[in-house]
Amino acid sequence: MLHLVQFIKANMFTITLLATIFQVLGTIVLAFFSFYGIKISDNKDAYIEGVQKVEISGKWLRASQTALVVLVIGLVLSGGASLGSVP
């Protein structure tokens, strides 16, 4: 455990930079998914008026799943850098 803390302290800038990049990329892809991957429209085949239909693009769904994993990795790296900086 001590070796891990020493590694984090020695590479603090790199770990923080990677964490920031992962978090920004993950957030950007998830934002694009919310704008382009989900389509909400009126359902013309419904028996009741005002019922809406939600469609999710398959490629955006896979991209958002990957982005969520990247975002979590960035958060873990950020948390590790924070804990590694404690004296």
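Just above sits the structure.
Rules behind the numbers
- Residues numbered from 1 in each chain as written.
- Predicted model: local features only at pLDDT ≥ 70, side-chain atom pairs only at ≥ 80, totals over all residues.
- Heavy atoms only, no water.
- Helix = DSSP H or I, 4+ residues; strand = E, 2+ residues; numbered from the N terminus.
- Salt bridge = Lys/Arg side-chain N within 4 Å of Asp/Glu carboxyl O.
- Buried < 20%, exposed > 50% of the residue type's maximum accessible area, 1.4 Å probe, protein only.

Trainee: Quick one: what's the story with the environment of Y47, residue by residue and with numbers?
Mentor: Looking at the element boundaries, Y47 is found in the loop between β1 (38-42) and β2 (52-56). Placed 40 residues apart in sequence, Y47 and P87 show a C-alpha to C-alpha distance of 65 Å.

Trainee: An account of the pattern of salt bridges is needed here, citing residue identities and associated values.
Mentor: Under the defined criterion, the tally for this structure stands at 1 salt bridge. One salt bridge in this structure joins E55 and K53, with 3.4 Å as the shortest N-O distance. We classify E55 as partly exposed; its relative accessible area is 40%. Since its relative accessible area comes to 33%, K53 is described here as partly exposed.

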